[in-house]
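This is what each chain is made of:
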Amino acid sequence: DAGVIQSPRHEVTEMGQEVTLRCKPISGHNSLFWYRQTMMRGLELLIYFNNNVPIDDSGMPEDRFSAKMPNASFSTLKIQPSEPRDSAVYFCASSFGPRGGRGTEAFFGQGTRLTVV
Amino acid sequence: AQSVTQPDIHITVSEGASLELRCNYSYGATPYLFWYVQSPGQGLQLLLKYFSGDTLVQGIKGFEAEFKRSQSSFNLRKPSVHWSDAAEYFCAVADYGQNFVFGPGTRLSVLP
């Protein structure tokens with residue numbers, strides 16, 4: 001398996017534009033996580049899905065952020081409109097979830113570095 | 001809610017020296033604990049994990065960690081550090097719902 005695949009790897013956009021980040025989890029995994037990493041706040045969980053259903057979105061900063069998982073092999077994180085403070089590295093991760101037991105680790109993608117100017 | 005603290009923001013050791021990175025957690029039930037490593041510009045890679053059994057767990061790259069319930073700790077160790085170990089290290093705890101919570105990370109620098 002190629003692992004968790006994120007695209008794009010880098011995104012530079014202007015303030016106010018819509019940004020869509022994409023993630024393909026590892027085949028067979030049933031939990032998917034979106035994290036944001038910044039120097040100031042470290043790794044923050046934004047949202048996680050289990051069996052394509054959002055379980056906890058309490059980390060989503062505000063209404064400008066939305067995430068979807070239309071099927072088991074694809075998820076998107078959308079920011080509309082984007083702001084400079086959204087600049088960060090966004091990671092997607094997947095795991096076998098509760099079905100796999102709590103010892104199952106999360107596998108991370110390479111991340112998307114977002115810069116909003 | 002669970003939480004993880006890593007008291008050391010930055011540690012510098014000489015190549016060949018031993019290493020211990022500290023991790024303390026707060027969790028109501030039996031914790032499931034992980035150590036991840038992140039190299040610059042990369043994602044997080046799992047070093048090791050603990051969820052039951054022997055409290056001393058072995059991981060990749062010569063790392064090990066010991067779970068101490070009485071101290072709510074899960075410290076990461078390596079007997080002899082290599083220059084390639086320079087990276088950021090994250091401790092994490094997961095609850096039953098697989099909600100991973102990460103510590104703030106410890107940046108490791110290795111002197112030649």
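Numbering of residues starts from 1 in each chain and follows the order in which that chain's sequence is written. The lettering of chains begins at A and the numbering of ligands begins at 1, in the order of writing. A pLDDT threshold of at least 70 governs which residues receive local features in this predicted model, and a stricter bar of 80 or more applies before side-chain atom pairs are shown or counted, although totals over entire chains, interfaces and linings include all residues. Calculation of side-chain values draws on the structure's entire complement of heavy atoms; hydrogens and water are dropped beforehand.

A. Representation of unusual backbone geometry in the model. Cis geometry is adopted by the peptide bond preceding Pro8(A), which originates at Ser7(A) and carries an omega value of -10 degrees. Checked against the element boundaries, Pro8(A) lands in the loop between β1 (5-7) and β2 (10-13). In this structure, the amide linkage connecting Gln80(A) to the following residue, Pro81(A), adopts the cis form with an omega of -10 degrees. Only DSSP runs of H or I covering at least 4 residues are called helices, and only runs of E covering at least 2 are called strands; the numbering of each starts at the N terminus. Structurally, the position occupied by Pro81(A) is in the loop between β8 (74-79) and β9 (88-95). Residue Asn52(A) is not a glycine yet carries a positive backbone phi of 70 degrees. Locating Asn52(A) in the fold gives a position in the loop between β5 (42-50) and β6 (53-56). Between buried and exposed lies partly exposed: a residue is buried under 20% and exposed over 50% of the maximum accessible area for its type, with that area taken using a 1.4 Å probe on protein chains only. Relative accessible area serves as the criterion here: at 29%, Asn52(A) is assigned to the partly exposed category. One non-glycine residue, Ser72(B), lies in positive phi territory at about 50 degrees. In this structure, Ser72(B) sits in the loop between β8 (64-68) and β9 (73-78).

B. Main features of the nonpolar core. Take the buried residues of types Ala, Val, Leu, Ile, Met, Phe, Trp, Tyr and Cys, join any two whose side-chain atoms come within 4.5 Å, and each joined set is a nonpolar core. Ranked by size, the top nonpolar core spans 26 residues in total, and within it Leu19(B), Trp35(B), Leu47(B), Leu48(B), Phe74(B), Leu76(B) and Tyr89(B) carry the most contacts. Broken down by secondary-structure element, the contributors of at least two residues to this core are β2 (10-14), β3 (19-21), β5 (32-38), β6 (44-50), β8, β9, β10 (87-94) and β12 (106-111) of chain B. No other element matches β10(B), which puts four residues into this core. With 21 residues, the next largest nonpolar core counts Val4(A), Ile47(A), Ile79(A) and Val116(A) among its residues.

C. Highlighting the pattern of salt bridges. Residues and elements named next belong to chain B. For this document, the term salt bridge refers to a Lys or Arg side-chain nitrogen within 4 Å of an Asp or Glu carboxyl oxygen. Within the structure shown, the criterion is met by 13 salt bridges over all chains. Taking the shortest distance from any N to any O, the salt bridge between Arg77 and Glu66 comes out at 3.3 Å. Of this pair, Arg77 sits in strand β9 while Glu66 is found in strand β8, placing the two residues 11 residues apart along the sequence. Note on Arg77: relative accessible area 23%, which makes it partly exposed. According to the relative accessible area criterion, Glu66 is partly exposed, its value standing at 23%.

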